[in-house]
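Structure assessment
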Amino acid sequence: VATKADRTSFTVANTTGNINGKYTLSLTELSISANLKSSDFKWDLLKNGTSISSGNFTTAVTGNDFDLTSGVQTISTNTTDSYVLRIWLSETTSDQQSLENGTFSAKIKMTATQG
C-alpha cells in the first residue's frame, strides 16, 4: 500500500497571521459504481506522515459527500499540514472478479470552520 496504492498529495496552510484554523476534509462530487462498494476497496488519509483515518467505501453514495476526517482538524497560524490520500483494492483470497471494471471518481473538499 505504501508504495503501490494510488495517491493524491495536497496541503492545507494557515497564513492568516493570528487566528488558529479548524477544518474537515471529505470527498465531494463522488461517483462510485455498485461493485466497488466493497470492504476490499480501501482508503487511508495521512497527515504529516501519520495515518489519521482509514476505511473502505461500503457506505459511499454517488452524489453524497464522504467524510475523510472523523473530527475537526486544527492548524496553528503560519503552519502547513501535508496530506496524502491513498486508495487501493486490497487483494484477498476471495474471488474478486466482481470488482473488475468498476468506476470511482471524487474531489477532495476542505471545509473551514471558525476557530
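Computed from a predicted model, the values in this text were never measured in an experiment. (Residues numbered from 1 in each chain as written. Predicted model: local features only at pLDDT ≥ 70, side-chain atom pairs only at ≥ 80, totals over all residues. Heavy atoms only, no water.)

1. Observations regarding the pairing of strand E4 (residues 50-56)
Relative to E4, strand E3 (residues 41-47) runs antiparallel, the two sharing six bridges. Within E4, the residue paired with Asp 44 across the bridge is Ser 54. From the end of E3 to the start of E4, which pair antiparallel, there are two residues, and Asn 48 there has a positive phi angle of about 50°. (Pairing = 2+ DSSP bridges. Helix = DSSP H or I, 4+ residues; strand = E, 2+ residues; numbered from the N terminus.)

2. Brief notes about the sheet that holds E3
Reading across the sheet, the four strands line up as E1-E7-E3-E4 and stay open at both edges, with antiparallel pairing between neighbours. Whereas interior strands pair on both sides, the edge strands pair on one side only; in this sheet they are strand E1 (6-14) and E4. With direction set aside, neighbouring strand axes in the sheet form an average angle of 15°. Relative to strand E7 (residues 79-89), E3 is paired through seven bridges, and the arrangement is antiparallel. (Axes fitted to C-alpha atoms, helices over the stretch in contact; angles between N-to-C directions.)

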